[in-house]
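Here is how the chains run, residue by residue.
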Amino acid sequence: MIKKISILIPVYNEENTLKTLLKKVIDSDVCNLEKEIIIIDDCSTDSSLLVLNKLKKQYEEQLVINSHETNKGKGAALRTGLSLASGEIILIQDADLEYDPKDYPKLLNPILSGRADVVYGSRFRSSEEVRVLYFWHRVANGMLTLLSNMFTNLNLSDIETCYKVFRSEVIKQMHLKENRFGIEPELTAKLAKIKNVRIFEVGISYYGRTYDDGKKIALRDAFRALYSIIKYNCFR
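Presented here is an overview of the structure given in this document.

About the criteria used
- All residue numbers here refer to positions counted from 1 along the written sequence of the relevant chain.
- Confidence filtering applies because this is a predicted model: local features only for residues at pLDDT of at least 70, side-chain atom pairs given and counted only at 80 or more, and all residues used for totals across whole chains, interfaces and linings.
- Where side-chain values are given, they derive from all heavy atoms of the structure, hydrogens and water being excluded.
- A run of H or I in DSSP becomes a helix once it reaches four residues, and a run of E becomes a strand once it reaches two; helices and strands are each numbered from the N terminus.
- Only the C-alpha atoms count toward the radius of gyration. The rule for a globule is 2.2 Å times the residue count to the power 0.38.
- Three labels apply to residues, based on accessible area from a 1.4 Å probe with only protein chains included: buried if under 20% of the type maximum, exposed if over 50%, partly exposed otherwise in between.
- The contact definition used throughout considers only heavy atoms, calling two residues in contact when any of these lie within 4.5 Å.
- Counting rule applied: Lys, Arg positive; Asp, Glu negative; His and chain ends not counted.
- Working definition for charges: the position is that of NZ of Lys, CZ of Arg, CG of Asp or CD of Glu.
- Think of a patch as exposed residues, more than 30% relative accessible area, with no salt bridge, where like charges cluster within 9 Å and nonpolar side chains (Val, Leu, Ile, Met, Phe, Trp, Tyr) cluster within 5 Å.
- Only the protein chains shown count as cover for residues, and all accessible areas are computed by the Shrake-Rupley method using a 1.4 Å probe.
- Any Lys or Arg side-chain nitrogen found within 4 Å of a carboxyl oxygen on Asp or Glu counts as a salt bridge.
- Only strands joined by at least two bridges in the DSSP assignment are considered to pair.
- By the criterion applied in these results, polar contacts are pairs of N or O atoms within 3.5 Å in which, for protein atoms, one can donate a hydrogen and the other can accept it, and in which residues neighboring in sequence qualify only through two side-chain atoms.
- Paired rings are identified among Phe, Tyr and Trp, the last through its six-membered ring, by centres lying within 6.5 Å, and are further divided according to the angle between planes into stacked (under 30 degrees), edge-to-face (over 60) and tilted (the rest).
- The criterion for a charge sitting over a ring is simple: Lys NZ or Arg CZ within 6 Å of the ring centre, and within 35 degrees of the ring normal.
- Lines fitted to C-alpha atoms define the axes, with helix axes restricted to the stretch in contact, and inter-axis angles between N-to-C directions lie between 0 and 180 degrees.
- Reported orientations rely on four angle classes, namely roughly parallel under 35 degrees, roughly antiparallel over 145, roughly perpendicular from 65 to 115, and oblique for the rest.
- Less than a right angle of anticlockwise turn of the near helix away from the far helix marks a crossing as left-handed, whereas a clockwise turn marks it as right-handed.
- Charged residues are taken to be Asp, Glu, Lys and Arg, nonpolar residues to be Ala, Val, Leu, Ile, Met, Phe, Trp, Tyr, Cys and Pro, and polar residues to be all remaining types, Gly included.

1. Regarding the overall build of the protein chain
Phase 1: For the protein chain, the count of helices and strands is 8 helices and 7 strands.
Phase 2: Compactness check: the protein chain gives a C-alpha radius of gyration of 17 Å against a globular reference of 18 Å for 236 residues, within 12% of the reference.
Phase 3: Its C-alpha atoms give the protein chain principal-axis dimensions of about 50 × 45 × 35 Å.
Phase 4: Within the protein chain, the fraction of its 236 residues that count as buried is 52%.
Phase 5: For the protein chain, the proportion of contacts with a sequence separation of at least 24, taken over those separated by at least 6, is 81%.
Phase 6: Of the charged side chains in the protein chain, 35 are positive and 31 negative, and the gap between their average positions amounts to 5 Å.

Below, the structure written as structure tokens:
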């Protein structure tokens, strides 16, 4: 029986959004599950860790905070979070405000109803609000998703989405290696190799940031994603 959800939040230089985001996560509806919130500060150079330590005093019983001594990347932060997680469900949440925790119930429902082992929150199957931003980002995302699907034989619409939810035993059997944003196609490639795993997508809202707002993904991450798709689908 599923009793607990572990919400993993990698953080790097998000001092301006942490307080609001964490309040949303604390107040979120997780379908009566016990909530474990694990925050991994990836050696932020702003005041993120200071903000987190203050929030820890406010929400002490609900937060687990871990910090890296050097900046390693989102993938490395997720590996740290997974090593600390004790929930039967693992949900990945970015520390900015692009993704809204109000979508948790629809992400959790396919797993809690026994129909799914993994749920991706798609920005492109959505009837919710989606902010209109960069055309070439959308093109790159579409091309990466298409290439990933060609290798995995899955029909996903958004492999680069932050919102990925797993039964714990599914994600913890993967030996994840990518340190930065290459973790997204690596997760999908390794997921596709697990026999009989049931994957669902649900539409989510998306409030994308501009680079002036603090968006961090760059062109080199697109090339690394391409490399990861080929590497983790063609080789062990």
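The rest of the description comes next.
2. Here's the deal with unusual backbone geometry
Phase 1: Of note, Asn-13 is a non-glycine position whose phi angle comes to about 55°, a positive value.
Phase 2: Tracing the backbone shows Asn-13 in the loop between strand 1 (4–11) and helix 1 (18–27).
Phase 3: With relative accessibility at 22%, the residue Asn-13 sits in the partly exposed group.
Phase 4: A positive phi is found at Asn-196, a non-glycine position, where the angle reads about 65°.
Phase 5: Residue placement: Asn-196 occurs in the loop between helix 7 (183–192) and strand 7 (199–203).

3. Re the environment of Leu-8
Phase 1: Residue placement: Leu-8 occurs in strand 1.
Phase 2: As for Leu-8 and Asp-103, which are separated by 95 residues in sequence, their C-alpha atoms are 15 Å apart.
Phase 3: Not counting the four nearest positions on each side in its chain, Leu-8 is found in contact with Ile-38, Leu-78, Gly-81, Leu-82, Ala-85, Ile-90, Leu-91, Ile-92 and Gln-93.

4. Concerning a nonpolar patch on the surface
Phase 1: There is a patch of nonpolar side chains on the surface, built from Phe-151, Leu-219, Phe-223, Leu-226, Ile-230 and Phe-235 and spanning about 610 Å² of accessible area.
Phase 2: Ranked by residues supplied to the nonpolar patch, first place goes to helix 8 (residues 219–234) with 4 residues.
Phase 3: Tracing the sequence through the fold places Ile-230 in helix 8.

5. What to know about the pairing of strand 5 (residues 118–122)
Phase 1: Counted residue by residue, strand 5 has 5 buried out of 5 residues, so it is predominantly covered.
Phase 2: The alternating pattern of strand 5 places Val-118, Tyr-120 and Ser-122 and Val-119 and Gly-121 on opposite faces, both of which are buried.
Phase 3: With 3 bridges connecting them, strand 5 and strand 6 (residues 164–167) associate as antiparallel partners. Bridging from a neighbouring strand, Tyr-120 pairs with Lys-164 of strand 6.

6. Focus on the side chain of Glu-186
Phase 1: Locating Glu-186 in the fold gives a position in helix 7.
Phase 2: Judged by relative accessible area, which is 0%, Glu-186 ranks as buried.
Phase 3: There is a polar contact of 2.7 Å between the side chain of Glu-186 and the side chain of Lys-190.

7. Observations regarding the packing of aromatic side chains
Phase 1: Evaluated as defined, the whole model comprises 3 aromatic pairs.
Phase 2: Among the aromatic side chains, those forming a connected cluster through ring pairs are Tyr-99, Tyr-104, Tyr-163 and Tyr-206.
Phase 3: Directly above the aromatic system of Tyr-206 lies the positively charged group of Arg-123, at a separation of 4.9 Å from the ring centroid.
Phase 4: Across the ring face of Tyr-120, the terminal group of Lys-164 is positioned such that the distance to the ring centre comes to 5.1 Å.

8. Overview of the packing of helix 7 against helix 8
Phase 1: Taken N-terminus to C-terminus, the directions of helix 7 and helix 8 make an angle of 20°; their axes are 8 Å apart at the nearest point. If you check the angle between helix 7 and helix 8, you find them roughly parallel. Seen from above, helix 7 lies across helix 8 with right-handed handedness. Of helix 8, the residues touching helix 7 (which contributes Pro-185, Glu-186, Ala-189 and Lys-190) are Ala-225, Ser-228, Ile-229, Tyr-232 and Asn-233.
Phase 2: Here the residues of the contact of helix 7 with helix 8 are counted per class, giving 5 nonpolar, 2 polar and 2 charged.

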